[in-house]
Structures are given as C-alpha cells and as structure tokens.
Amino acid sequence: MGDAFKALADPTRRRILELLAQGDLTAGEIAAHFEMTKPSVSHHLNILKSAKLITDERRGQNIVYSVNLTVFQELMKWFYDCGLVGGHNNEKE
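Residues numbered from 1 in each chain as written. Predicted model: local features only at pLDDT ≥ 70, side-chain atom pairs only at ≥ 80, totals over all residues. Heavy atoms only, no water.

Student: Sorry if this is basic, but what is going on with unusual backbone geometry here?
Tutor: A negative phi angle is the norm for most residues apart from glycine, just as the trans form is the norm for most peptide bonds. Of note in the backbone geometry, lysine 52 takes a positive phi value of approximately 65 degrees without being a glycine. Along the chain, the position of lysine 52 falls in the loop between helix H4 (38–50) and strand E2 (54–59). Using a relative accessible area of 53% as the deciding quantity, one classes lysine 52 as exposed. (Helix = DSSP H or I, 4+ residues; strand = E, 2+ residues; numbered from the N terminus. Buried < 20%, exposed > 50% of the residue type's maximum accessible area, 1.4 Å probe, protein only.)

If you want it as structure tokens, here you go:
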C-alpha cells in the first residue's frame, strides 16, 4: 500500500488517474493533456502500474490504460478501518 501512497503524492499522477476515471485511454491520449514529453508521461504511467493503481492491456496496436479499482477499494478499507472516514468516532463516551 506504501507504493500507492507514494504514487498518489504526485499531482501529475493524480491528474492521470482523474483522466482514467472518465474512461480508458492510450498513452498518447493521456500525453495530450500534459505539456511534457511522452517519455515523462510513460515514467508516470510506469509508477502508477508498479503501484497497481492502473492496468494496461494491448488492443491491436495500442496499449490502453485503465484504473484498477481493486487497489482503491483496499485503500478506502484501510482509511475506514483506521477510523479516518466513515462512521467511526474516536472520542470516548
């Protein structure tokens, strides 16, 4: 889970995840939203893949990226279990 938090610390990677939350995209489609080189975008995609926050799948000549919702569910469960979100009340009654 530490890799996921490290990956989410970067605003570019958070923006990539926001884009992918709207639908699957190729690396070129993702790169079109940024003023950086395609190798830089690939670097960010590799970090997100290593953290298992996104998946990739070859479709013909393209590689299409998608959000991996399973990891986000695990992160939300962790926040909930720690009492950081949800109905937990940390005050003693």
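Student: What am I meant to see in the packing of aromatic side chains here?
Tutor: The description of two aromatic rings rests on the distance between their centres and on the angle between their planes. Considering all chains together, one arrives at one aromatic pair under this definition. Ring centres of phenylalanine 5 and tryptophan 78 lie 5.5 Å apart, and the angle between their planes is 65 degrees; on these two criteria the pair is classed as edge-to-face. Residue phenylalanine 5 is found in helix H1 (residues 2–8), and its partner tryptophan 78 is found in helix H5 (residues 69–81); the two are separated by 73 residues along the sequence. We classify phenylalanine 5 as partly exposed; its relative accessible area is 33%. (Phe/Tyr/Trp six-rings, centres within 6.5 Å; stacked < 30°, edge-to-face > 60°.)

Student: Before we go on, may I ask you to explain the sheet that holds strand E3 (residues 62–67) in this structure?
Tutor: Strand pairing in a sheet relies on backbone hydrogen bonds. The paired strands run either parallel or antiparallel. Spatially, E1-E3-E2 is the arrangement adopted by the three strands of the open sheet, whose pairing is antiparallel. Two strands lie at the open edges of the sheet, namely strand E1 (25–26) and E2, each paired on one side alone. Sheet analysis places E1 next to E3, joined by two bridges and oriented antiparallel. Note on E3: the bridge partner recorded for leucine 25 is tyrosine 65. (Pairing = 2+ DSSP bridges.)

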